[in-house]
There are 2 protein chains.
Amino acid sequence: MDRRRIVGLTPTLIADAGLELVEGAEPFGVNAIARKLGVRPSSLYKHVSGLDDIVELMRGRLVERYRTLPADQPWDAFVEDVVRRQRRMYADHPALLPFLIGKTITSPTVIDAYDDLAVALQSGGFPDDEILTLVGMIDAFALGFGLELASPEQVWQPEAPTQLFGKLLAGSQSGPERVERSFELALDVLLVALRDRLPSRDQE
Amino acid sequence: MDRRRIVGLTPTLIADAGLELVEGAEPFGVNAIARKLGVRPSSLYKHVSGLDDIVELMRGRLVERYRTLPADQPWDAFVEDVVRRQRRMYADHPALLPFLIGKTITSPTVIDAYDDLAVALQSGGFPDDEILTLVGMIDAFALGFGLELASPEQVWQPEAPTQLFGKLLAGSQSGPERVERSFELALDVLLVALRDRLPSRDQE
DNA sequence: ACCTGAACACCGTTCAAGT
DNA sequence: ACCTGAACACCGTTCAAGT
């Protein structure tokens, strides 16, 4: 009997083990993944090229789970859905964020998702030379608010008297609710701004 | 002669050494800072409690440098200035970002800067129960676009054919210009939205 | 072909020892 | 009081050796 078959590592298995770690707020890394898979760290290197590769695979797996496909809906409904899901994705995996940022995106699924967004904006009537700009804006938006949601309960902790800030923090609603409100407000603002910017078309 | 005086470590010296490292895109960490200061890593622990402490001190030093004080200007001019400077701060120190995110902010200077923003919004006429929400929104905004600016030249790198995205990327302006455009557009949108949201006051 | 074991060059942190 | 030196428990990665 071939002992190798018992293990049967694959890039997908490795990525999913990594996702389970970050979702469980467990320590994350090459060694931790190997431990979770009951294998030696060096074994992973036959299937992936290193930690960066694993992280990009994880990004792909995440987008597969969280993305929404464009259906028969207006472009702005699709954008809203994309932003909401993307933000939730980031917020559900805060521990992965430091690894995701600042790295070139190559995962085909992820590129596809951005492609869908670009197509939606185009068919909504936006000119080609503005679409990447808008995609970048939507991306920065989702990321910024994902980070906000991933922040600790106490984002600010004043240790000295303030003019106003400390009083507001003391009297404010619990963190999650406030963060949710600022997201809803900002999302509304984003969508209004996008509709505003849309070149006018024939009245229906 | 007292050999101790030759070294003379302080928290500020340690933080500034860390900033020089991230600004020079050199490897960053406790050991790297110690090397830069010509001292053993263990020596730092008499002055700071660890890496997290150092990072929070660095955040404070950064805000000291980048923040703007409220002068005789309308609230929206101040908000615009704050967002621009905050974004530039993040973009000038991309390597620090993974360490900054998701940590409670305690640095007095940083708290003061948020306090100024809160006061500006209040004196602009926003109701108290909305100010933290707006501060959170402005914060997420600056962070999201700072990240965008800190991204690699090639944010997206399709490896398979796309419907539209690949064509747009090929025909687009260079990365920095596009990112700059999406920031200017979004900042404009943010300010319009804030002014819109301001409860109406007596006409001047 | 695929996994192991040992090795390498790193981390951040603690703590007794020196001065 | 402040810095060193040694030690500890980790990292990510490489590579010869096993099957």
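Residues numbered from 1 in each chain as written. Chains lettered and ligands numbered in written order. Predicted model: local features only at pLDDT ≥ 70, side-chain atom pairs only at ≥ 80, totals over all residues. Heavy atoms only, no water.

Structural notes on the overall build of chain A
Part 1: Scanning chain A from N- to C-terminus turns up ten helices and zero strands.
Part 2: When the helices and strands of chain A are listed from N to C terminus, the series reads α-α-α-α-α-α-α-α-α-α.
Part 3: Taking 2.2 N^0.38 as the reference for a compact globule, 204 residues should give roughly 17 Å; the C-alpha atoms of chain A span a radius of gyration of 21 Å, well beyond that estimate.
Part 4: With the principal axes as the frame, chain A shows a C-alpha extent of 70 × 55 × 25 Å.
Part 5: Sorting the 204 residues of chain A into buried and exposed places 49% on the buried side.
Part 6: At a minimum sequence separation of 6, the contacts of chain A that also span at least 24 residues come to 70%.
Part 7: On chain A, roughly 10200 Å² of surface is accessible, and the fraction owed to carbon and sulfur atoms is 49%.
Part 8: Side chains of chain A carry 22 positive and 31 negative charges; the gap between the two charge centres is 9 Å. (Helix = DSSP H or I, 4+ residues; strand = E, 2+ residues; numbered from the N terminus. Rg over C-alpha atoms; globule rule 2.2 N^0.38 Å. Buried < 20%, exposed > 50% of the residue type's maximum accessible area, 1.4 Å probe, protein only. Contact = heavy atoms within 4.5 Å. Areas by Shrake-Rupley, 256 points an atom, 1.4 Å probe, with all protein chains shown as cover. Lys, Arg positive; Asp, Glu negative; His and termini not counted. Charge placed at Lys NZ, Arg CZ, Asp CG, Glu CD.)

Considering the environment of L19 of chain B
Residue and element names in this part refer to chain B.
Part 1: Note that L19 resides in helix α2 (residues 11–23).
Part 2: With relative accessibility at 1%, the residue L19 sits in the buried group.
Part 3: For the pair L19 and V55, spaced 36 residues apart in sequence, the C-alpha separation works out to 9.3 Å.
Part 4: Residues in contact with L19, not counting those within four places in the same chain, are M58, R61, L62, R65, H93 and L96.

Observations regarding the protein's contact with DNA strand D
Part 1: Around DNA strand D, the structure places 19 residues, and the nearest of them are R35 and Y45 of chain A together with S42, S43 and H47 of chain B.
Part 2: When the atoms of DNA strand D within 4 Å of the protein are grouped by moiety, sugar and phosphate amount to 60% of the total.
Part 3: Within the backbone of V30 of chain A, an N or O atom sits 3.1 Å from a phosphate oxygen of DNA strand D.
Part 4: Those elements that place two or more of their residues in the surface near DNA strand D are α3 (30–37) of chain A together with α1 (4–7) of chain B.
Part 5: Tallying contributions element by element places α3 of chain A first for the surface near DNA strand D, with three residues.
Part 6: Considered class by class, the residues forming the surface near DNA strand D number seven nonpolar, eight polar and four charged. (Near = heavy atom within 4 Å. Polar contact = N/O pair within 3.5 Å; in protein donor to acceptor, adjacent residues only side chain to side chain. Nonpolar A, V, L, I, M, F, W, Y, C, P; charged D, E, K, R; others polar.)

A word on the protein's contact with DNA strand C
Part 1: With respect to spatial proximity, 19 residues lie near DNA strand C, and among them S42, S43 and H47 of chain A together with Y45 and L51 of chain B are the closest.
Part 2: In DNA strand C, atoms within 4 Å of the protein come 60% from sugar and phosphate.
Part 3: Contacts to DNA strand C include G8 of chain A, whose backbone N or O atom sits 3.2 Å from a phosphate oxygen.
Part 4: Contact between DNA strand C and V30 of chain B: a phosphate oxygen at 3.0 Å from a main-chain N or O atom of the residue.
Part 5: Grouping the amino acids of the surface near DNA strand C by side-chain chemistry returns seven nonpolar, eight polar and four charged.

Notes on the interface of chain A and chain B
Part 1: Contacts between the two partners involve 56 residues from chain A and, on the opposite side, 56 residues from chain B.
Part 2: Measuring nitrogen to oxygen at the nearest pair gives 4.0 Å for the salt bridge that ties D128 of chain B to K167 of chain A.
Part 3: Linking chain A with chain B are 16 residue pairs in polar contact (both at pLDDT 80 or more).
Part 4: If you list the elements that add at least two residues to the side of chain A that touches chain B, you get α6 (97–100), α7 (108–124), α8 (128–150), α9 (165–171) and α10 (175–197) of chain A. (Salt bridge = Lys/Arg side-chain N within 4 Å of Asp/Glu carboxyl O.)

Some words on the relation of the copies chain A and chain B
Part 1: For the match of chain A to chain B, the screw axis carries a shift of 0.0 Å, the RMSD comes to 0.0 Å, and the turn is 180°. This pairing of chains is accounted for by a two-fold axis.
Part 2: A share of 100% of interface residues in chain A that are also interface residues in chain B marks the association as one of identical surfaces. (Least-squares fit on C-alpha atoms with pLDDT ≥ 70 in both.)

Details of the packing of helix α5 (residues 75–92) of chain B against helix α8 (residues 128–150) of chain B
All names here are of chain B.
Part 1: At a minimum axis separation of 8 Å, α5 and α8 run at an interaxial angle of 40°. The angle between α5 and α8 falls in the class oblique. Classified by chirality, the crossing of α8 by α5 is right-handed. Here α5 contributes V79, V83, Q86, R87, R88, Y90 and A91 to the contact with α8, which in turn contributes I138, D139, F141, A142, L143, F145, G146 and L149.
Part 2: In the contact of α5 with α8, the residues fall into ten nonpolar, two polar and three charged. (Axes fitted to C-alpha atoms, helices over the stretch in contact; angles between N-to-C directions. Parallel < 35°, antiparallel > 145°, perpendicular 65-115°, else oblique. Left-handed = near helix turned anticlockwise from the far one by under 90°.)

Geometric values such as these leave the question of function open.
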